[in-house]
Amino acid sequence: MEQKIERAAFDLSATPPVAERRPHSKTTHGRVLDDPYAWLAAENWRDVLRDPKTLPKDIAALVKAENDYCATVVAPLKELRKTLVREMRGRIKEDDSDVPDPDGPFAYYGRFRDGAEHPLYCRTPRDGGAETVLLDGEALAAGHAFFDIGDTAHSPDHAQLAWSVDDMGSELYEIRTRALADGRDRADVVVDTEGSIVWSADSSAFYYVRVDENHRTAQVFRHSVGADPATDQLILEEPDGAWFIGLEESRCRRFAIISVRGHDASECWLVDLRDASLPPRLVARREPKLRYDVEPHGELIYIHNNADGADDFRISVAPLDAPERANWRDVVPHSLGSMVVTFTVFQRYLVWMIRENSLPRIVIRDLESGADHAIAFEEEAYALGLDAGLEFDVDRLRFTYSSMTTPEETYDYDMKTRARVLRKRQEIPSGHDPKNYVTRRLFAPAADGETIPVTLLHRADFTPGGAGAPLLLYGYGAYGHSLAADFDEDALSLVDRGFVYALAHVRGGADKGWRWYEGGKLENKANTFSDFIACARRLIEAGYTREGAIVAQGASAGGLLMGAVANAAPELFAGIIAGVPFVDVLNTMMRDDLPLTPPEWLEWGNPLADETAYDRLAGYSPYDNIRACAYPPILSIAGVTDPRVTYWEPLKWAARLRATMTGGGPVLLHTHMGAGHSGASGRFEALEDTALEYAFALACAARLSC
């Protein structure tokens, strides 16, 4: 391993940018917050989301200087990055295709041409025959630095296709329709949408979610094909900026389901797709801390919910014509520690996924007999995905399975006969033998008695002990998002060079049930950070690595985690990789004009209204708690059109880190000028960021032996 990474070194000859300090302070609850880099937050941020060229010149100059400095420092890694991209691309089947999804007379699927960054959307006759390309993503992306197709939806009569696209990275999607007879897009283009599309039953119109001036999903509209979008009909509006609207089609295709979500509650409305004259129907009025999702089924409605203290959720049923809370009756009761993660319905079956101690399981119920059975899996750690498909009255369930050693497999499962058919196994063209790798699960003790799961991947020829190995420890820990122990082909480039790869299932995610999430938010947020540090120390104790040999990685809210652990225990880490990092927490949570701030007060706290929340955020916000000490090398990657974590958060963080730290580094920041929260949109272009991150990790590891 050392021989392979000896050449991975930084060029530290360049002088890093120095951001100008401009006096700025504000007083809240009698506390004065000094922020000399506040000027880096562009006042015209809304314009920047639509056109990065409108970024003020002084800010743009600093962003460019940061990009230039980063490029200089990592210049010696150029050949290594090329090698990594070549390796990772070698694990991608270039002409990959989905398993076709039948719907009426056709089967629909996506596929790639050799060398293409973007997919084709296609169909064939259901029983086989000539392929028709419905949408050529690669051709449409020509000339665009960023091009993300958000949704493709064929009409119920199979004669039209509606599709949405974001060509800036700002998550503002345009929706177009085309007649499939000639493949031409119509002139009416619906702009400023969230991207989701649901067709009316007669194929004459579709429903969509409009994004407001503050980049919030606040309204559902109905657009008649061919009409002027200015005449679109408003269906539902949410006036409270703390709530977001989502839209999907019900499994039975009779309704559009409108979900109105706050951060700890939701309510659902049903729109009859067969009759545009009917108003939306409320299922159950919103209540504090009541979360629910629905699926209509004939004259019933199934409700996945956490009512009456069902912290790990249950499934209830109610009459469709009387779906209010008083009529909910349990069909899958709550079981603490066995979290009902998601569910779906078919004409004759109810299907749900549960997670116990961070491992998922699929359960199927025959609605006629009431008999349940589960689909079994054998590996120590694995990931599952449900794909209900396009058709409702079928016995087939499609699911995906993978583990950290096993590439993804797609199965069709007959819910009646219980026969399982492998439809696709992820191909690794450059070769992959699962026997060369080992997946393990261990638990790290927390100071309060909890145990934090850690999932590990390493080479089979590695034995823990002694000085251990360089280790990449990934964490997130927010919003109830769980880390899946799935196959990550890119990570093999680190593991094959001697790294151990680990996932820390810290509190703030729902890996061990909803209480695991509640234990890592608001007043319990510090648990997320201490859990990650406990995982690092447990891995050191178990001989997988040693102090100072861990590269920590996280993105978005996981970037907050990276900033917090860098402040708390910099000595543990050889490096920190923070993607689109949410590090200016206190300032962002006091900006109620930003897209995500009001909805997220229930995740972090509202420092404008709550003095206690102000003090709590001030106590852990990474930007506000940088210490005069040595920090490990830090790499951040950001996007100037990111509406979720604004570009200025990592820009300010880098500036204050350099001005405060007493040694260590380097501190590097690369900002994409034509991409947003998810980085590059092309499947191969995205490998460039991963290669930069992994070359950075290898360079950090190489410094250990110098």
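Presented here is a report on the structure given in the accompanying data block.

### Concerning the overall build of the chain
Okay, so step 1: The helix and strand inventory of the chain stands at 14 helices and 41 strands.
Okay, so step 2: In summary, the chain has a C-alpha radius of gyration of 25 Å against a globular reference of 27 Å for 706 residues, a match within 12%.
Okay, so step 3: Once the C-alpha set of the chain is aligned to its principal axes, its extents read approximately 65 × 55 × 55 Å.
Okay, so step 4: The proportion of buried residues among the 706 residues of the chain is 58%.
Okay, so step 5: Taking contacts inside the chain between residues at least 6 apart in sequence as the whole, the part at least 24 apart equals 58%.
Okay, so step 6: Roughly 27,500 Å² of accessible area belongs to the chain as shown, and the carbon and sulfur atoms make up 48% of that amount.
Okay, so step 7: Once the 76 positive and 109 negative side-chain charges of the chain are each reduced to a mean point, those two points are 3 Å apart.

### Observations concerning the pairing of strand β1 (residues 25–28)
Okay, so step 1: Where β1 and strand β2 (residues 31–34) come together, 4 bridges link them in antiparallel fashion. Paired with T28 across the strands is R31, a residue of β2.
Okay, so step 2: Taking the residues between adjacent antiparallel strands as the criterion, β1 and β2 are bridged by 2 residues, where H29 takes a positive phi near 55 degrees.

### Points about the sheet that holds strand β19 (residues 281–282)
Okay, so step 1: Reading across the sheet, the 4 strands line up as β16-β17-β18-β19 and stay open at both edges, with antiparallel pairing between neighbours. For this open sheet the edge positions go to β16 (244–249) and β19, each flanked by a neighbour on one side alone.
Okay, so step 2: Here β16 runs beside strand β17 (residues 255–261); their pairing, made up of 6 bridges, is antiparallel. Looking at β17, one finds that I245 is bridged to V260.

### Observations concerning the sheet that holds strand β3 (residues 101–103)
Okay, so step 1: Taken together, the 4 strands give an open sheet; going across it, the order is β3-β4-β5-β6, and neighbouring strands pair in antiparallel fashion. Only two strands of the sheet have a single partner each, and these edge strands are β3 and β6 (132–136). Here the average twist between neighbouring strands, direction ignored, is 25 degrees.
Okay, so step 2: Examined bridge by bridge, strand β5 (residues 120–125) and β6 share 4 bridges and lie antiparallel to one another. Bridge assignment links C122 to a residue of β6, and that residue is V133.

### Topic: the nonpolar core
Okay, so step 1: Formed by 107 residues in total, the largest nonpolar core has its most connected members in L473, Y501, F532 and L539.
Okay, so step 2: Top contributing element to this core by residue count: helix α14 (residues 686–704), with 11 residues.
Okay, so step 3: Excluding anything up to four places from it in sequence, Y501 contacts M404, T455, L456, L457, L472, D488, A491, V495 and Y694.
Okay, so step 4: Core analysis: the second largest hydrophobic core is formed by 22 residues, L40, L594, V640 and A655 among them.

### Examining the pairing of strand β26 (residues 359–366)
Okay, so step 1: Relative to β26, strand β25 (residues 349–356) runs antiparallel, the two being bridged by 8 bridges. By the bridge assignment for β26, I354 is matched with R361.
Okay, so step 2: Hairpin connection, β25 to β26: the antiparallel pair is bridged by 2 residues, and N357 has positive phi, about 55 degrees.
Okay, so step 3: As defined by bridge partners, β26 adjoins strand β27 (residues 372–375) across 4 bridges and the pair is classed as antiparallel. Residue pairing for β27: V363 is matched across the bridge by A374.
Okay, so step 4: Connecting the antiparallel pair β26 and β27 is a turn made up of 5 residues, with G370 showing a positive phi of about 80 degrees.

### Notes on the environment of D188
Okay, so step 1: Note on placement: D188 falls in the loop between β10 (184–185) and β11 (190–193).
Okay, so step 2: Judged by relative accessible area, which is 9%, D188 ranks as buried.
Okay, so step 3: Measuring from C-alpha to C-alpha, the distance between D188 and D166 comes to 17 Å, with 22 residues separating the pair along the chain.
Okay, so step 4: Excluding residues that lie within four positions of it along the chain, D188 makes contacts with I175, H223, S224, V225, G226, A227 and P229.
Okay, so step 5: A polar contact of 2.9 Å, which involves the side chain of D188, links it to the backbone nitrogen of G226.

### Side note on the pattern of salt bridges
Oppositely charged side chains may form a pair once their charged atoms are brought near each other.
Okay, so step 1: In the structure shown here, the tally under the stated rule is 51 salt bridges.
Okay, so step 2: Across the salt bridge formed by R325 and D308, the nearest N and O atoms sit 3.5 Å from each other. With R325 in the loop between β22 (314–319) and β23 (329–332) and D308 in the loop between β21 (300–305) and β22, the pair connects residues that are 17 residues apart, well separated along the chain.
Okay, so step 3: Since its relative accessible area comes to 23%, R325 is described here as partly exposed.
Okay, so step 4: The shortest N-O distance in the salt bridge between D593 and R591 comes to 2.9 Å.
Okay, so step 5: Several salt bridges share partner residues, and in doing so they unite D101, R396, R398, D412 and R423 into one network.

Analysis parameters
- Residues numbered from 1 in each chain as written.
- Predicted model: local features only at pLDDT ≥ 70, side-chain atom pairs only at ≥ 80, totals over all residues.
- Heavy atoms only, no water.
- Helix = DSSP H or I, 4+ residues; strand = E, 2+ residues; numbered from the N terminus.
- Rg over C-alpha atoms; globule rule 2.2 N^0.38 Å.
- Buried < 20%, exposed > 50% of the residue type's maximum accessible area, 1.4 Å probe, protein only.
- Contact = heavy atoms within 4.5 Å.
- Areas by Shrake-Rupley, 256 points an atom, 1.4 Å probe, with all protein chains shown as cover.
- Lys, Arg positive; Asp, Glu negative; His and termini not counted.
- Charge placed at Lys NZ, Arg CZ, Asp CG, Glu CD.
- Pairing = 2+ DSSP bridges.
- Axes fitted to C-alpha atoms, helices over the stretch in contact; angles between N-to-C directions.
- Core = buried A, V, L, I, M, F, W, Y, C linked by side-chain atoms within 4.5 Å.
- Polar contact = N/O pair within 3.5 Å; in protein donor to acceptor, adjacent residues only side chain to side chain.
- Salt bridge = Lys/Arg side-chain N within 4 Å of Asp/Glu carboxyl O.

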